[in-house]
Amino acid sequence: MSETLFINVEVIDGAAKPAFSGQVLVKGNRIAEVARDGAAIDAPEAHVVDGGGATLMPGMTDAHAHLSFLDAATLGDLTNLTPERLVLETAKNARKMLDHGFTSMFSGSSARDNTDIAIRDAINAGDIPGPRLLAATRQMTVSGGFGDIGKEDAYSLVLNGPEEFRNASREAARRGVDIFKIVPSAPGSGKDVLAEDTAMTDAEVAAVCEVAHQRNRRVAAHARSAEAVKMCVGNGVQMIYHATLADEEAKDMLEARKDSVFVAPAMGLPYGRLKEGESYGVSTDDYTRARAEKEIETVSVNMAELKSRGVRVLPGGDYGFKWNPHGRNARDLFMFVDLFGFSPLEAIRAATAHGGELMGMRGELGLVAKGAFADLLLVDGDPVKDIQILQDRDRFLAIMKNGDFHKPLTANRTQAQVAAE
Ligand SMILES: [Zn+2]
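Conventions we followed
- Residues numbered from 1 in each chain as written.
- Predicted model: local features only at pLDDT ≥ 70, side-chain atom pairs only at ≥ 80, totals over all residues.
- Heavy atoms only, no water.
- Core = buried A, V, L, I, M, F, W, Y, C linked by side-chain atoms within 4.5 Å.
- Buried < 20%, exposed > 50% of the residue type's maximum accessible area, 1.4 Å probe, protein only.
- Domains from an automatic or database assignment.
- Contact = heavy atoms within 4.5 Å.
- Buried area = accessible area lost by both parts, 1.4 Å probe.
- Salt bridge = Lys/Arg side-chain N within 4 Å of Asp/Glu carboxyl O.
- Polar contact = N/O pair within 3.5 Å; in protein donor to acceptor, adjacent residues only side chain to side chain.
- Helix = DSSP H or I, 4+ residues; strand = E, 2+ residues; numbered from the N terminus.

So, the nonpolar core
Ranked by size, the top nonpolar core spans 76 residues in total, and within it Met-60, Phe-180, Ile-182, Val-237, Ile-240, Leu-254 and Leu-390 carry the most contacts. Built from parts of two domains, this core gets at least three residues from each of domain 1 (3–59 + 363–420) and domain 2 (60–329). The residues contacting Phe-180, other than those within four sequence positions of it, are Thr-137, Met-140, Ser-169, Ala-172, Ala-173, Val-208, Val-211, Ala-212, Arg-217, Arg-218, Val-219 and Ala-220. In this structure, Phe-20, Val-26, Leu-367 and Ala-398 belong to the second largest nonpolar core, which totals 20 residues.

Points about the domain arrangement of the protein chain
Here the protein chain is described as being made up of domain 1 (3–59 + 363–420) and domain 2 (60–329). Centre-to-centre, using C-alpha coordinates, domain 1 lies 32 Å away from domain 2. Each partner contributes to the interface: domain 1 provides 16 residues, whereas domain 2 provides 15 residues. A combined buried area of about 1300 Å² lies between domain 1 and domain 2, and 54% of that area is made up of carbon and sulfur atoms. Of all residues in domain 1, Arg-393, Lys-401 and His-406 bury the most surface against domain 2, accounting for 44% of the area lost on that side. In this assembly, domain 1 and domain 2 are joined by two salt bridges. The interface formed by domain 1 and domain 2 includes five residue pairs in polar contact (both at pLDDT 80 or more). Going through the elements one at a time, β5 (55–58) and β17 (396–401) are the ones with two or more residues in the side of domain 1 that touches domain 2. Per element, the largest residue contribution to the side of domain 1 that touches domain 2 is four residues, and it comes from β17.

Examining unusual backbone geometry
Residues other than glycine predominantly adopt negative phi, and peptide bonds predominantly adopt the trans conformation. Even without a glycine there, the phi angle at Asn-8 is positive, about 60°. Mapped onto the elements of the fold, Asn-8 is located in strand β1 (residues 3–11). A positive phi angle, near 55°, is found at Asp-37, a position not held by glycine. Its place among the elements puts Asp-37 in the loop between β3 (30–36) and β4 (47–50).

Encoded structure:
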């Protein structure tokens, strides 16, 4: 069994405890030992990685990923490519996520039925590099709902009535998806529909949740209206995206189910449009700008409150659009600190320990702890002092997933520098 010993590292454990100087031993694909306070680990056969004082932290999870969205300018562009070409392009994004320190992705929908599944299976077989991936369906919507663009070959699957939702969920389970993605409420942009609008019925949501329960799958919902949030939480949806207009009753329901539900505000699109749109050549009219500003303001208040109530709020922000491209994902952690009042350690916990729980591996993923899977990042600098460094892939001196180096540490100090220390 291969052994790697990290020495001379500042450990951020993922559980939001203060960092400490220590050593970490990896055996095979798990963390075998963690030492602190100057204690040394005895591992004569291990390959030693001298961190030189760098930070060692768990790999990050993106809770709302669209690996098969190819940094598209419009939603209609999502299925411009043939399925074959789409898979190849999506494989590039999978690698890119690892390059940027994301070792787990929870999919917020696949552009085509089998894209996520094919990529997940290829990653798990070791054929292509990529994060741990839970694969989703296309988003399931209703006639006239969010994503119904009036053509069959689209990024959404249009269904009506509980029978159609039930059948589609069963069929998706047969094909091997992990996550049923539903869209019970309206998008965040567009002038003809409002965030307050709710499109799916309780019976439709219940039908999807029933199949998920029977087949041991997860349900993720784009739920912006208070009514949609309540309908989803009441039916046992595990992942609530956006929760933009969650009212007191909705927040009470989320708090009551805080051990089984997750929230991801997924603000990458409005935030990216406002702050970085112009640099990507995307112009924004006054109406859309005002709407994005309002969205950020409302969500910021709600997420701060949900965190204070003990609800797990996770990063993951709809990356995969022209003004919100893949690779920018760690900007979400900065938003958590800058807008929602998370401490840097709390933002890192959301992306790591809570991410591991979302992936269904509570206590085994997203932690630097004995027995956890060895998904590790060696970071040049201290993300507690500056959370923004996690957005710079060059800061990742080494990236390990499941005990294997995706990016090994290359010699970065001269003999003279080492001798001078
Ligand atoms: Zn999304």
